[in-house]
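Structure assessment
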Amino acid sequence: MGTILSALASQDSFEITNALRSDAKWYLGVIALIIGGYLVSMIYRHVPFIERHLERTVMVYSYLAIAFIIFWGVVDRFVFNNQQPWSTTIPPFLFMVMAWFGASYNIRLRTHLSFSEFRTKMPRGGQIACLWLDFLLWFGFALILFVTTCRLTANSAANFQIVLGTDNTMQWWFLITAPIAAVLMAGRAFQNIAEDMRRYRSGEPLIEQAVIGGDA
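Report on the accompanying structure. (Residues numbered from 1 in each chain as written. Predicted model: local features only at pLDDT ≥ 70, side-chain atom pairs only at ≥ 80, totals over all residues. Heavy atoms only, no water.)

Observations concerning the overall build of the chain
Put simply, the test is: Each helix corresponds to a stretch of at least 4 residues labelled H or I by DSSP, and each strand to a stretch of at least 2 residues labelled E; elements are numbered beginning at the N terminus. Throughout, a residue-residue contact means that at least one pair of heavy atoms, one from each residue, lies within 4.5 Å. The protein chains shown are the only cover counted for residues, whose accessible areas, like all others here, come from Shrake-Rupley with a 1.4 Å probe. Charged-residue counts in this description rest on Lys and Arg as positive and Asp and Glu as negative, His and the chain ends being excluded. Charged groups are reduced to one reference atom each: NZ for lysine, CZ for arginine, CG for aspartic acid, CD for glutamic acid.
When helices and strands are counted, the chain shows 9 helices and 0 strands. Each helix and strand of the chain, placed in order from N terminus to C terminus, yields the pattern α-α-α-α-α-α-α-α-α. For the chain, the spread of C-alpha atoms along the three principal axes comes to 65 × 50 × 30 Å. If you take every contact in the chain between residues at least 6 apart in sequence, the share linking residues at least 24 apart comes to 76%. Counting every atom, the chain has about 12400 Å² of accessible surface; 68% of that belongs to carbon and sulfur. Positive and negative charge centroids in the chain, built from 16 and 14 side chains respectively, lie 6 Å apart.

Section: the nonpolar core
Going by this rule: Side-chain atoms within 4.5 Å link the members of a nonpolar core, which is a set of buried Ala, Val, Leu, Ile, Met, Phe, Trp, Tyr and Cys residues. Only protein chains enter the calculation, and the probe is 1.4 Å; a residue is then buried if its accessible area is under 20% of its type maximum, exposed if over 50%, and partly exposed in between.
Counting residues in hydrophobic clusters, the biggest one holds 42 residues, and the most contacted among them are Leu33, Ile90, Leu94, Phe101, Phe146, Phe174 and Met185. Only α3 (24-46), α4 (48-78), α5 (90-109), α7 (124-158), α8 (172-175) and α9 (177-202) provide two or more residues apiece to this core. Examining the composition of this core, we find that 11 residues originate from one element, α9, more than from any other. Among the nonpolar cores identified, the runner-up in size contains 8 residues, and Ile4, Ala19, Leu20 and Ala154 belong to it.

Digging into the pattern of salt bridges
Which entries qualify depends on this criterion: Salt-bridge detection follows one rule: a side-chain nitrogen of Lys or Arg within 4 Å of a carboxyl oxygen of Asp or Glu.
For the coordinates displayed, the defined rule picks out 8 salt bridges. Notably, a salt bridge pairs Asp196 with Arg110, separated by 2.9 Å at the nearest N-O pair. Pair noted here: Asp196 is in helix α9 and Arg110 is in the loop between α5 and α6 (116-119), with a separation of 86 residues, a long-range link. What makes Arg110 partly exposed here is its relative accessible area of 22%.

Some words on the packing of α3 against α4
Going by this rule: The angle between two axes is taken between their N-to-C directions and runs from 0 to 180 degrees, where each axis is a line fitted to C-alpha atoms and a helix contributes only its stretch in contact. Reported orientations rely on four angle classes, namely roughly parallel under 35 degrees, roughly antiparallel over 145, roughly perpendicular from 65 to 115, and oblique for the rest. When residue character is reported, Ala, Val, Leu, Ile, Met, Phe, Trp, Tyr, Cys and Pro are called nonpolar, Asp, Glu, Lys and Arg charged, and the others, Gly included, polar.
Axis separation between α3 and α4 bottoms out at 4 Å; the angle between their running directions is 110 degrees. Taken together, α3 and α4 sit at an angle that is classed as roughly perpendicular. Counted together, Ile43, Tyr44 and His46 of α3 and Pro48, Ile50, Glu51, Leu54 and Glu55 of α4 form the full contact between these two elements. Partitioned by chemical class, the residues of the contact of α3 with α4 number 5 nonpolar, 1 polar and 2 charged.

So, a nonpolar patch on the surface
The criterion, for reference: What makes a patch is a set of residues exposed beyond 30% relative accessible area and free of salt bridges, joined within 9 Å when like-charged and within 5 Å when nonpolar (Val, Leu, Ile, Met, Phe, Trp, Tyr).
A surface patch of nonpolar side chains, amounting to about 900 Å² of accessible area, comprises Phe68, Ile70, Phe71, Trp72, Val74, Phe78, Val79 and Phe80. Among the secondary structure elements, Phe78 is positioned in helix α4.

Overview of α5
We count it as follows: The length a helix should cover is 1.5 Å for every residue beyond the first.
Here α5 is 20 residues long and its end C-alpha atoms lie 29 Å apart, about the 28 Å a rise of 1.5 Å per residue gives. Here α5 lies mainly inside the structure; 16 of its 20 residues are buried. Just beyond α5, the residue with positive phi is Arg110, at close to 60 degrees.

A word on the side chain of Gln191
Checked against the element boundaries, Gln191 lands in helix α9. Setting aside its immediate chain neighbours within four residues, Gln191 contacts Ser41, Tyr44, Glu51 and Arg108.

Observations regarding the packing of aromatic side chains
So the rule is basically this: Each Phe, Tyr or Trp ring (for Trp, its six-membered ring) is paired with any other whose centre lies within 6.5 Å, and the angle between the two planes then decides the class: stacked below 30 degrees, edge-to-face above 60, tilted in between.
Throughout the structure, instances matching the rule amount to 8 aromatic pairs. Each ring, one from Trp72 and one from Phe80, has its centre 6.0 Å from the other, and the planes form 40 degrees; the classification is tilted. A relative accessible area of 36% places Trp72 in the partly exposed class. Site record: aromatic cluster; members linked through ring pairs are Trp132, Phe135, Phe139 and Phe190.

Notes on empty space enclosed by the protein
The line we're drawing: Within this scheme a cavity is a closed region of a 1 Å grid, computed over the protein atoms alone, that accommodates a 1.4 Å probe without allowing it to escape, whereas a pocket is open but has protein on both sides within 12 Å along at least five of seven lines; lining residues each have an atom within 4 Å of a point. Grid points are joined across faces, edges and corners, and a volume is the space filled by probe spheres set on the points.
In this structure the tally under the stated criterion is 1 cavity of 30 Å³ or more. The computed volume of the largest cavity comes to approximately 40 Å³. Lining the largest cavity are Ile69, Trp72, Gly73, Asp76, Gln83, Gln84, Trp86 and Ser87. Class assignment of the residues belonging to the lining of the largest cavity gives a composition of 3 nonpolar, 4 polar and 1 charged.

Laid out in structure tokens, this is it:
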């Protein structure tokens, strides 16, 4: 872990890539996600504006950018007999950004792993056990995403990978949003379990019907 931290401090993508080959990256990833997720949950708690709008803003603008690029690509091709070489390569990266930030937001909405109809029939102890299982699963998913995409991002930067069809747009500029989204996912998981434990102690209902596309 010391080698990884030293490589990160050097800001050298080659050293970071080599350091992240060690299995110690998983242990450091757990620590980083616990600290980062907790800090994110605190920011969400004390700054409601960020909590409500951060992920949704990224999702909406990514989607609009994808739609505009595709729309203009069709016009450019069939009206002007021209095609921008990056019009088919940048949208997939934008979709990746939209998808991971959307995953983080929907953890908060509890539209994944809900099984509300089944869980509402369980005793209170079983319900809180399922909610803790949700937390562990989401944290585990976030950990896998965080560790693997950190190395992918460092490797992309070390090899100077450019988005196809562009001259100087680096792939790692898009890839780095994946580990950032993983930290947000961990923050949402912490936020949910803290709310669940508060409800458990106060005697409030633990399971609510999840609504896809609803509001947090």
